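Architecture and fold: a report
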Amino acid sequence: MPYIIRKFEKENLIRIFMPFVVGLSLLYRLTPTWVRSQPIIGKTSYPVYALMAVTAIIITIRKFRYDDFYLWLVLFLGFRVFTTLINGQEIGWVVLSSVMCYSLVVILCYSFVVNRSGTLKVLSLLTFSLLLINLLDILQKHGIVPGHFFVGEFIENHNSYIHFFLIAITASYLWMEESRDPCSAIIWLLLFGIVCVTYYYEKSTTSIIGLALLYSYLLLFNSNWTRKFLNIYVYLLGVSAFFLLFVCGGNRGKLTEAFLKLMGKSSDLTRRVMIWRDYLSMWKKSPVIGYGVLRDTALSNTMYGLFSRFDASAHNIVLNLGFQTGIAGLVTLIIAGAKAMEMRYTIKNERVRYFFEALIGMTLLMSMFEAYSIEIYIFLISVIYIYPKCDRRNDNE
């Protein structure tokens, strides 16, 4: 009897504690600029990273060692390190980034298993708070709100901003569907206003359109009659067609030109067409393993003299990954993503299932114009993978 009581107390403690571990891990891993500048973060970051890594190893051995989804993630992240090494590039920061990415994913998934509701609440409230502070900082910078909150933008730029927004919208929507809590619905709706105002001042038309489409789908079209033609297969077909025709082929007809004009984009998509051509040309020279994950200086040296002007990002996630890890890395990550998407069939709530499909579809669409950090894609597919497993666990209890 005392053993049972102690075990019950231990499980309850883990259940309460893990969501806050996820929040802390997220704050340290996807660190906003202002937070990163605080001395306490600089002094404690490596001990926290070490603790995250040890925690992830223990969880993997005890809970996830027979799960091949995590194996494919390890293979992909390991291959990033391998291809960076054999290309003679600096690997220290790539090793750290890969270990921390995997650690965050494992901690997140385990927290979902032991306390999905609590994890969704912590993620929603944390990211919403960060996004709101960032908005106030931007409004202050433009003289709309009096006072001074932070030096520069709280979150570095709109590419960093999208990471927090995608986490916020995912967590708040799942929280809303799971609990029907009015607080989650308010947060979810306010997020759209926050992101639109932010991107208006950041002048990111692509992001506004992509997120507006996602919200429109969730509010108006996430129903039985639309799911026959608004699903992951259609999204992947559309994104693949865009990549092959416009990114690789450079085809732009009159209809495309009119659409670009409507969006306020130049015919070369703000230099993206030239950047895509340059990165595609480089990828063709090392198609299988790529060039590794390069810092800006190394990337400049690699591209220097070959093109009129290099850019530190391919502004396209497929080109960026292809350039870094080649076809081998892309295939490995695609397999992990496919295993995650396969789990969507076991999700009981169909609205959640098609939310996940729309979320991946819109993220990939926006990623045709921007190469966001690979960590956010791994974060999203990990949530999709683990979410239905919590349903099965609850059924067995």
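Counting restarts for each chain: residues are numbered from 1 in the order of the written sequence. Residues qualify for local features only when their pLDDT is at least 70, as the model is predicted, and side-chain atom pairs are given and counted only at 80 or more; totals for whole chains, interfaces and linings, by contrast, use all residues. The basis for every side-chain value is the complete set of heavy atoms in the structure, and neither hydrogens nor water enter the calculation.

1. Observations regarding the overall build of the protein
Heads up, the condition is: By definition, any uninterrupted DSSP run of H or I lasting at least four residues is a helix, any uninterrupted run of E lasting at least two residues is a strand, and each is numbered from the N terminus. In this description, accessible areas are obtained by the Shrake-Rupley approach with a 1.4 Å probe, and a residue is regarded as covered only by the protein chains that are shown.
If you tally the helices and strands in the protein, you get 15 helices and zero strands. When the accessible surface of the protein is summed, it comes to about 18,900 Å², and 67% of that surface belongs to carbon and sulfur atoms.

2. Describing the environment of Thr346
Position of Thr346 relative to the elements: it lies in the loop between helix 13 (317-342) and helix 14 (350-366). For the pair Thr346 and Pro388, spaced 42 residues apart in the sequence, the C-alpha separation amounts to 6.1 Å.

3. Structural notes on the packing of helix 11 (residues 272-285) against helix 13
Spelled out, the test is: Every axis in this analysis is a line fitted to C-alpha atoms, fitted for helices over the stretch in contact. Angles between the N-to-C directions lie between 0 and 180 degrees. Orientation is classified from the angle alone, with under 35 degrees giving roughly parallel, over 145 giving roughly antiparallel, 65 to 115 giving roughly perpendicular, and any other angle giving oblique. Note: crossing handedness is left-handed where the near helix turns anticlockwise from the far helix by less than a right angle, and right-handed where it turns clockwise. We call two residues in contact when some of their heavy atoms are within 4.5 Å. Only Asp, Glu, Lys and Arg are considered charged, only Ala, Val, Leu, Ile, Met, Phe, Trp, Tyr, Cys and Pro nonpolar, and every remaining residue, Gly among them, polar.
Running from amino to carboxyl end, helix 11 crosses helix 13 at an angle of 20 degrees, the nearest separation of the two axes being 9 Å. Classified by the angle between their axes, helix 11 and helix 13 sit roughly parallel to one another. By crossing handedness, the relation of helix 11 to helix 13 is classed as right-handed. On helix 13, the residues touching Trp276, Tyr279, Leu280, Met282 and Trp283 of helix 11 are Val318, Leu319, Gly322, Phe323, Gly326, Ile327 and Leu330. Considered class by class, the residues forming the contact of helix 11 with helix 13 number ten nonpolar, two polar and no charged.

4. Structural notes on the environment of Ile187
What counts is decided by this rule: Exposure is judged per residue with a 1.4 Å probe applied to protein chains only, and the accessible area is read against the type maximum: over 50% gives exposed, under 20% gives buried, and values in between give partly exposed.
Relative to the helices and strands, Ile187 is located in helix 7 (residues 182-202). Residue class for Ile187 comes out buried when judged on its relative accessible area of 6%. With 14 residues separating them in the primary sequence, Ile187 and Tyr173 have C-alpha atoms 9.0 Å apart. The contact partners of Ile187, leaving out residues within four places of it in the chain, are Leu125, Phe128, Ser172 and Trp175.

5. Things to note about the nonpolar core
Basically, it comes down to this: Think of a nonpolar core as a cluster: buried Ala, Val, Leu, Ile, Met, Phe, Trp, Tyr and Cys residues, connected wherever their side-chain atoms sit within 4.5 Å.
Core analysis: the largest hydrophobic core is formed by 114 residues, its most contacted members being Tyr70, Phe165, Leu319, Phe356 and Ile378. Element by element, the count of residues in this core is highest for helix 5 (residues 92-141), at 19 residues. Not counting chain neighbours up to four residues away, the residues in contact with Phe356 comprise Thr170, Leu174, Ile347, Val383, Ile384 and Tyr387.

6. Quick look at a nonpolar patch on the surface
Test applied: To count toward a patch, a residue needs a relative accessible area above 30% and no salt bridge. Like charges then connect within 9 Å, nonpolar side chains (Val, Leu, Ile, Met, Phe, Trp, Tyr) within 5 Å. Here, a salt bridge means any Lys or Arg side-chain nitrogen found within 4 Å of an Asp or Glu carboxyl oxygen.
Together, Leu189, Leu219, Leu220, Phe221, Trp225 and Phe229 make up a nonpolar patch on the protein surface, roughly 660 Å² of accessible area in all. The dominant element in the nonpolar patch, judged by the number of residues it contributes, is helix 8 (residues 205-221), at three residues. With respect to the element layout, Phe229 can be found in the loop between helix 8 and helix 9 (232-248). By relative accessible area, Phe229 is classed as partly exposed at 43%.

7. Description of the packing of aromatic side chains
Let me state the cut-off plainly: Side-chain rings of Phe, Tyr and Trp, where Trp is taken by its six-membered ring, are said to pair if the distance between their centres is within 6.5 Å; with planes under 30 degrees apart they count as stacked, over 60 as edge-to-face, and otherwise as tilted. Look at NZ for Lys and CZ for Arg. If either is within 6 Å of the ring centre and within 35 degrees of the ring normal, a charge sits over the ring.
According to the stated counting rule, one finds 18 aromatic pairs in the structure shown. Between Tyr279 and Phe323, the aromatic rings sit 5.0 Å apart at their centres with planes inclined by 65 degrees, giving edge-to-face as the arrangement. Linking Tyr279 in helix 11 with Phe323 in helix 13, this pair joins segments that are 44 residues apart in sequence. Here the two residues Tyr279 and Phe323 agree in accessibility, since each one is buried. Linked through ring pairs, Tyr173, Trp188, Phe192, Tyr215, Phe355, Phe356 and Tyr387 together constitute an aromatic cluster. Between the NZ or CZ atom of Arg116 and the centre of the ring of Tyr387, over which it lies, the distance is 4.0 Å. Stacked on the ring of Tyr345, the Lys or Arg Arg344 has its end atom at 4.3 Å from the ring centre.

8. So, the packing of helix 5 against helix 7
The N-to-C vectors of helix 5 and helix 7 enclose an angle of 35 degrees; their axes lie 10 Å apart at closest approach. As for how helix 5 packs across helix 7, the hand of that crossing is left-handed. Between helix 5 and helix 7, the residues in contact are Leu125, Phe128, Leu131, Leu132, Asn134, Leu135, Ile138, Leu139 and Lys141 and Ile187, Leu190, Leu191, Ile194, Val197, Thr198, Tyr201 and Glu202, respectively. Class assignment of the residues belonging to the contact of helix 5 with helix 7 gives a composition of 13 nonpolar, two polar and two charged.

9. Section: helix 9
This is how it is decided: By definition here, a helix of n residues has an expected span of 1.5 Å times n minus one.
Compared with the 24 Å implied by 1.5 Å per residue over 17 residues, the 22 Å span of helix 9 between its first and last C-alpha is a close match. Three or more residues of helix 9 are buried, namely Ile232, Tyr235, Val239, Phe242, Phe243 and Val247.

10. Some remarks on helix 14
In plain terms, the rule: Pairing of N or O atoms within 3.5 Å defines a polar contact, subject to two protein rules: one partner must be a possible hydrogen donor and the other a possible acceptor, and residues neighboring in sequence count only if both atoms are side-chain atoms.
With 17 residues, helix 14 should reach 24 Å at 1.5 Å per residue; the first-to-last C-alpha distance of 24 Å fits that figure. Extensive coverage of helix 14 is indicated by the burial of 13 of its 17 residues. You can read the cap of helix 14 off the contacts: a side-chain oxygen lies 2.9 Å from the backbone nitrogen of Arg351, and it is on Asn349.

11. Focus on the confidence of the model for the protein
For clarity, the threshold we go by: The pLDDT score gives, residue by residue, the confidence of the prediction method on a 0 to 100 scale.
Overall, the prediction assigns the protein a mean pLDDT of 81, with 80% of residues at 70 or greater. The weakest mean pLDDT in the protein belongs to helix 12 (residues 296-303) at 56; the strongest belongs to helix 4 (residues 68-86) at 94.

12. Thoughts on the environment of Glu375
The residue Glu375 is located in helix 15 (residues 374-396) in this model. Here Glu375 falls in the buried class, since its relative accessible area comes to 10%. Along the backbone, Glu375 and Val105 are 270 residues apart, and their C-alpha atoms lie at a distance of 9.0 Å. If we skip the residues at most four places from it in the chain, Glu375 touches Arg29, Leu30, Ser97 and Cys101. A distance of 2.9 Å separates the side chain of Glu375 from the side chain of Arg29, its partner in a polar contact.

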